[in-house]
Amino acid sequence: MLEYTTFERRHIDSQYKDLLKRILEEGIKVDSQQGEPALRVVGHQMRFDLRNGFPIITERDLVTPPLRKDKFDASVFSQALGELFAFLAGVHTQQQLERYGCRWWKLWVTPEKCAKRGLSEGDLGPGSYGPAWKSFPTAEAGITFDQIRHLVEQITELPHLRTHFVTPWIPQYIGRGKGKQQKVVVAPCHGWMHVLIDEARRMTLHHFQRSADVPVGLAANMIQYAAFLMMLAKITGCTPNELVYTISDAHIYVNQIQDVEDMLATKSMPFPTVKMNPYPIHLNSFKQSDFVVEDYYPQLERRKIWTPV
């Protein structure tokens, strides 16, 4: 069971701000698939001891829902959890994602974008996160492999192994070039997970991210993998310990720079507390209501920082 350091004694974690500053100061300007130039650094790592708080950034508000009562326009925290739950269940369509409370894929699954990949409108494709995690194709005809189920079973039976690993990458659906058609609307950006457990049954999750839109996507992904660490530790009888977060391509789009400067000008605050319902016993039984955020003091009001699409 995770025991947080009391809020008053938590140290302020500046790793997210440090990454934003690094990209602004060292980033190389590159073109992007979205048409908007970006500043990029290659290779960055952050480490989050969950006892020091749950890594929800405080530079802007990710937890407060909108004032209008639009059932689809939930907080970033809620939608991030919904997307995680959907992918853990093998979901790969926008309609299914919305049932889990995640709407933000709609900009990537338009008729035009899906048709370009030979997919139906609203389909993320067989190379997306849900199918990769839950029904990875194998060399045996008609047989797929459930990586998530295997991960739980292997940790339960053989926790000491160094092979507790999950990948979102199905190469044959992602390759591009002459004579090739990508079978996924967006090649997976995150979701490589290596789980390590020590003799005291403390669980560390080393997460690798291929590509991170740092002002937008990364803030949501940090929530997802910290939550997954807590969920996985709970159902395997371990204690969540540390989220180690490695990024290959970390970038800021040029049209996000003013928003980034606004975030950098905010007062730094300790990470909040996230309490998780102890009753779910399967990964697919968790709901957003099982996670409660306390001691959260965001410095900027809820705002949307758009990613070019």
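Structure's up top.
Computed from a predicted model, the values in this text were never measured in an experiment. (Residues numbered from 1 in each chain as written. Predicted model: local features only at pLDDT ≥ 70, side-chain atom pairs only at ≥ 80, totals over all residues. Heavy atoms only, no water.)

Visitor: In this structure, what is going on with the pairing of strand β7 (residues 202-213)? I would like to understand it.
Guide: Two faces, one strand: in a regular strand the side chains alternate between the faces of the sheet. Strand direction decides the pairing type here: strand β6 (residues 192-197) and β7, joined by 6 bridges, are antiparallel. What sits directly across from L196, in β7, is T204. Taking the residues between adjacent antiparallel strands as the criterion, β6 and β7 are bridged by 4 residues, where R201 takes a positive phi near 60 degrees. Of the strand pairs in this sheet, β7 and strand β8 (residues 239-253) are connected by 11 bridges, and their pairing is parallel. Residue pairing in the sheet places L205 in a bridge with L243 of β8. In this view, the connection linking β7 to its parallel neighbour β8 by way of helix α7 (residues 214-235) has right-handed handedness. (Pairing = 2+ DSSP bridges. Helix = DSSP H or I, 4+ residues; strand = E, 2+ residues; numbered from the N terminus. Right-handed = clockwise from strand over helix to strand, strands pointing away.)

Visitor: In this structure, what is going on with the packing of helix α1 (residues 15-26) against α7? I would like to understand it.
Guide: Helix-helix packing is described using two parameters, namely the angle between the two axes and the distance between the axes. Where α1 meets α7, the axes come as close as 12 Å, and the angle between the chain directions of the two elements is 155 degrees. Between α1 and α7, the interaxial angle falls into the category roughly antiparallel. Crossing of α1 over α7 shows right-handed handedness. Where α1 approaches α7, its residues Y16, L19, L20 and I23 are matched on the opposing element by V214, P215, L218, A219 and M222. Looking at the contact of α1 with α7 residue by residue, the classes come out as 9 nonpolar, no polar and no charged. (Axes fitted to C-alpha atoms, helices over the stretch in contact; angles between N-to-C directions. Parallel < 35°, antiparallel > 145°, perpendicular 65-115°, else oblique. Left-handed = near helix turned anticlockwise from the far one by under 90°. Contact = heavy atoms within 4.5 Å. Nonpolar A, V, L, I, M, F, W, Y, C, P; charged D, E, K, R; others polar.)

Visitor: Looking at this model, I keep getting lost on the side chain of K17. Mind explaining?
Guide: Assignment of secondary structure puts K17 in helix α1. With no salt bridge to any partner, buried K17 finds its closest opposite charge in E59, at an N-O distance of 4.4 Å. Ignoring sequence-local partners within four residues, the contact set of K17 consists of E59, M263, L264, T266, K267 and S268. (Buried < 20%, exposed > 50% of the residue type's maximum accessible area, 1.4 Å probe, protein only. Lys, Arg positive; Asp, Glu negative; His and termini not counted. Salt bridge = Lys/Arg side-chain N within 4 Å of Asp/Glu carboxyl O.)

Spatial relationships are all this shows, so hold off on functional conclusions.
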